[in-house]
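Structural features, examined
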Amino acid sequence: MLKDVTLGQYFPGNSIVHRLDPRTKLILVVLFIAGLFQANGWLGYIVVMAVTFTAIGISTIPPKSFVRGLKPMIFIIALTAILNLFYTTGTPILPGWPVTFEGIERAVQMVLRISLLIAGTFLLTYTTSPMELTDGLEKLFSPLNKIKVPVHELTLMMSMALRFIPTLIEETDKIMSAQKARGADFETGGLIQRAKALLPVLVPLFVSAFRRADELAVAMESRCYHGGEGRTRMKQMKLEGRDYIALLIGAVFLAAMIVMKKFGL
């Protein structure tokens with residue numbers, strides 16, 4: 001299951017999505033999420049799915065990577081579906097049954113909403129390197145520097161946290177494999193027993209995480225890192241024609257979703 005967690009991974013490529021400015025992709029993700037939450041009918045969800053699948057196809061990222069990313073969220077998705085299935089009032093599918101036609105429709109829509117939300121956000125991290133993501137966030141929030149908000153430090157922490165998610169997952173998998181070789185059992189027993197079995201994993205994992213954090217801090221100090229003031233970048237961000245076209249498409253998508261919600265489509 002741990003190997004299925006793909007959050008924070010970057011898949012290098014040369015597609016149009018990869019070449020978009022990171023600021024453009026961040027804005028597009030916001031527009032996508034806003035449009036997704038405007039979906040209120042089946043036509044709206046069909047449009048969102050078409051946009052999502054088109055973006056995935058253009059990015060040339062293997063669809064199985066998105067499926068793998070959804071696996072760790074299966075419990076949350078299933079729980080959401082069950083709650084909407086049994087607690088939505090309406091017309092029962094059979095007399096005396098708690099399941100209604102409206103509940104089935106609502107459950108399917110919520111599963112689609114969560115899955116599309118995860119796929120859309122994963123597309124951002126899959127096609128944008130942590131350094132580009134940091135630079136894009138810093139540029140977008142740079143006006144907050146005028147009110148003394150440490151934008152560079154905040155974006156750097158977010159980027160490093162995102163970057164080390166795959167590293168910590170890999171470290172956890174190694175520790176669990178070593179514990180299993182020593183006879184540890186993480187798959188049998190009740191919930192409390194499984195939680196207790198994870199204690200031998202959590203202690204070395206925290207030790208490893210703090211050691212990596214200390215090594216990173218020492219490395220940054222050794223290279224005379226002093227934050228964003230006076231810092232130059234190897235790659236200068238510049239909006240190009242494809243960025244303006246992508247932003248226009250994103251704005252049209254959001255406007256279309258608002259109109260469809262207004263008319264109940």
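First, a word on what this report is: a plain description of the structure on this page.

Parameters and conventions
- Residues numbered from 1 in each chain as written.
- Predicted model: local features only at pLDDT ≥ 70, side-chain atom pairs only at ≥ 80, totals over all residues.
- Heavy atoms only, no water.
- Helix = DSSP H or I, 4+ residues; strand = E, 2+ residues; numbered from the N terminus.
- Buried < 20%, exposed > 50% of the residue type's maximum accessible area, 1.4 Å probe, protein only.
- Contact = heavy atoms within 4.5 Å.
- Areas by Shrake-Rupley, 256 points an atom, 1.4 Å probe, with all protein chains shown as cover.
- Axes fitted to C-alpha atoms, helices over the stretch in contact; angles between N-to-C directions.
- Parallel < 35°, antiparallel > 145°, perpendicular 65-115°, else oblique.
- Nonpolar A, V, L, I, M, F, W, Y, C, P; charged D, E, K, R; others polar.
- Salt bridge = Lys/Arg side-chain N within 4 Å of Asp/Glu carboxyl O.

**Quick word on the overall build of the chain**
Within the chain, the secondary structure is distributed over twelve helices and zero strands. Reading the helices (α) and strands (β) of the chain from amino to carboxyl end gives α-α-α-α-α-α-α-α-α-α-α-α. Counting only C-alpha atoms, the chain reaches 70 × 60 × 40 Å along its principal axes. Counting only residues that meet the buried cut, the chain has 34% of its 265 residues in that class. Sequence-distant contacts, at least 24 apart, represent 75% of the contacts inside the chain between residues at least 6 apart. Of the roughly 16,400 Å² of accessible surface on the chain, a fraction of 69% belongs to carbon and sulfur atoms.

**Re the packing of helix H2 (residues 22-36) against helix H7 (residues 130-140)**
It is the contact of H2 with H7, at a shortest axis distance of 8 Å, that shows an interaxial angle of 75°. Between H2 and H7, the angle falls in the class roughly perpendicular. Of the residues in H7, those touching H2 at Pro-22, Arg-23, Leu-26 and Ile-27 are Glu-132, Leu-133, Gly-136, Leu-137, Lys-139 and Leu-140. Here the residues of the contact of H2 with H7 sort into six nonpolar, one polar and three charged.

**Considerations on the pattern of salt bridges**
All told, the structure shown has three salt bridges when counted by the stated rule. Across the salt bridge formed by Arg-23 and Asp-21, the nearest N and O atoms sit 2.9 Å from each other. A relative accessible area of 17% places Arg-23 in the buried class. Note on Asp-21: relative accessible area 4%, which makes it buried. A salt bridge links Arg-212 to Glu-171; its shortest N-O distance comes to 3.3 Å. Residue Arg-212 is found in helix H11 (residues 199-222), and its partner Glu-171 is found in helix H9 (residues 165-181); the two are separated by 41 residues along the sequence. The class of Arg-212 is partly exposed, set by a relative accessible area of 29%.

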